[in-house]
Amino acid sequence: MTIANPCQTPAVPDLEIALDGPFDLAATLRPLVRGQGDRTVRIAPGRAWWTGRTAAGPATLAFTEGIDRIGVDGWGPGAELAMARAARLLGLGADGVRSGSLTTAHDDRIAGLARRYPGLCILRTEAVFEALLAAIVEQKVTGTEAHRVWHGLVRTYGEPAPGPPEVGLRLLPAPSVLAALPYYRYHPLGLERRRADLIRAVASRAAWFEAIVELTLPEAYARLLSVPGIGPWTVAEVAVRALGDVDAVSIGDFHLPNLVTWALAGEPRGTDARMLDLLEPYRGRRALVIRLLERSGIRAPRWGPRLAPRGIEGI
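Report follows, based on the coordinates. Keep in mind that this is a model prediction, so the values were computed, not measured.

Side note on the packing of aromatic side chains
- Under the defined criterion, the tally for this structure stands at 2 aromatic pairs.
- Aromatic pair tyrosine 183 and tyrosine 184: ring centres 5.8 Å apart, planes at 80°, arrangement edge-to-face.
- Measuring from centroid to centroid gives 5.0 Å for tryptophan 208 and phenylalanine 209, while their planes differ by 80°, and the two rings are edge-to-face.
- Classification of phenylalanine 209 as buried rests on a relative accessible area of 1%.
- The residue whose ring lies beneath arginine 205 is tryptophan 208, and the NZ or CZ to ring-centre distance is 4.1 Å.

Set out below in structure tokens:
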């Protein structure tokens, strides 16, 4: 049987999302970009493309910034479903909040950053498996290592995404493909057996994980944490991208405690406990505060040895 190239699928009629305040498209979507050259997301001045899998099939959405609205175009068999949740994806749903809501924060630095960057939102892609795959790839390695693995998975086992071919987007590998791969096929991409086996196990239950979007956040956290190999850091990374958790904090992150303690207390080195203490006044919107700090370009001073990439591909 011959399957038509999904890039030739006609575009779904466009959609417009009205804005009632500032919105920063690029900064909001930035957490989905895994390194330079990521082909699952593309961001350009005033425009961005996202691709993923839905229950109805693959979809690509193109977002265009306007003065008081965001234009959305869609391609692929899953386009209508993806467009129906486009506002939620961008954090612009009925329960979405923007960083501008922090302009009255008690900390002058956070209030100032909120005035400078008022249009940041927390994503809700509802693509739980995609976010979980990315988080597993990023477990206990440098960003450079994780990006190399991500790009290798997309390049080797992914497929062309629907939409204009010149954009060059690719879909992540289907869960069925990843579940069927023996662990040693992951090794040339830079994944050791522990993470490879976890990816295979998660991929084999992808529908069970995707159903998490129908749960409350406490229930979603509990389901994810019940799986061996998935800890608090991984769960928070999934929640802040796929579930729209504006209060998610990645406990166990290598850099985050230093960033928070340096920005909020002038302390160059921090612990998870100290970070949580400083973020406590913002409970309910801690993920927004973290995104503001990341957007600001503030960096804690560096000294001593840095975490070195391992590079297991040639072992």
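From this point on, the discussion continues.
Topic: the side chain of aspartate 107
- You can see aspartate 107 is positioned in the loop between helix H3 (86-89) and helix H4 (108-116).
- Within the buried set, aspartate 107 has no salt-bridge partner at all; the shortest N-O distance to an opposite charge, 5.9 Å, is to arginine 109.
- Among the polar contacts listed, one links the side chain of aspartate 107 to the backbone nitrogen of isoleucine 110, at a separation of 3.2 Å.
- Among residues more than four places away in sequence, those in contact with aspartate 107 are Leu264 and Tyr282.

Looking at the nonpolar core
- One finds Ile110, Leu133, Leu153, Leu178, Phe209 and Leu293 to be the most contacted residues of the largest nonpolar core, which totals 73 residues.
- Among the elements that make up this core, the one with the highest residue count is helix H5 (residues 128-137) (9 residues).
- Setting aside its immediate chain neighbours within four residues, leucine 293 contacts Ile110, Leu113, Leu259, Val260, Ala263 and Ile298.
- Counting 22 residues, the second-largest nonpolar core is a separate cluster that includes Leu32, Trp50, Leu61 and Ala82.

Some words on the packing of helix H12 (residues 256-265) against helix H13 (residues 272-279)
- Axis separation between H12 and H13 bottoms out at 9 Å; the angle between their running directions is 45°. Relative to H13, the element H12 is oriented oblique. Handedness of the crossing formed by H12 with H13: left-handed. Mapping the contact onto sequence places Leu256, Pro257, Val260, Thr261, Leu264 and Ala265 in H12 and Asp272, Arg274, Met275, Leu278 and Leu279 in H13.
- Class assignment for the residues of the contact of H12 with H13 results in 8 nonpolar, 1 polar and 2 charged.

Scoring rules and cut-offs
Along each chain, numbering runs from 1 in the same order as the chain's sequence is written. The predicted nature of this model means local features are confined to residues of pLDDT at least 70 and side-chain atom pairs, given and counted, to a pLDDT of 80 or more, with totals for whole chains, interfaces and linings taken over all residues. Only hydrogens and water are removed before side-chain values are computed, so all heavy atoms of the structure are retained for them. Side-chain rings of Phe, Tyr and Trp, where Trp is taken by its six-membered ring, are said to pair if the distance between their centres is within 6.5 Å; with planes under 30 degrees apart they count as stacked, over 60 as edge-to-face, and otherwise as tilted. Per-residue accessibility, obtained with a 1.4 Å probe over protein chains only, is compared with the maximum for each type, and a residue is labelled buried under 20%, exposed over 50%, and partly exposed between these values. Two limits define a charge over a ring: the Lys NZ or Arg CZ must be within 6 Å of the ring centre, and within 35 degrees of the ring normal. Every helix listed is a DSSP run of H or I at least four residues long, and every strand listed is a run of E at least two residues long, numbered separately from the N terminus. In this count, Lys and Arg are taken as positive residues and Asp and Glu as negative ones, while His and the chain termini are left out. A carboxyl oxygen of Asp or Glu within 4 Å of a side-chain nitrogen of Lys or Arg is what we treat as a salt bridge. Any pair of nitrogen or oxygen atoms within 3.5 Å is treated as a polar contact; in protein, a donor-acceptor pairing is required on top of that, and neighbouring residues in sequence qualify only through side-chain atoms on both sides. Contacts are assigned to residue pairs with any non-hydrogen atoms lying within 4.5 Å of each other. Put simply, buried Ala, Val, Leu, Ile, Met, Phe, Trp, Tyr and Cys residues joined by side-chain atoms within 4.5 Å make one nonpolar core. Each axis is a line fitted through C-alpha atoms, and for a helix only the stretch in contact is used; angles between axes span 0 to 180 degrees, taken between their N-to-C directions. Should an angle fall under 35 degrees it is taken as roughly parallel, and over 145 as roughly antiparallel, whereas 65 to 115 is taken as roughly perpendicular and any remaining angle as oblique. By definition, any crossing whose near helix is turned counterclockwise from its far helix by less than a right angle is left-handed, and any crossing with a clockwise turn is right-handed. Side-chain classes follow a simple rule in which Ala, Val, Leu, Ile, Met, Phe, Trp, Tyr, Cys and Pro form the nonpolar group, Asp, Glu, Lys and Arg form the charged group, and the remainder, Gly included, forms the polar group.

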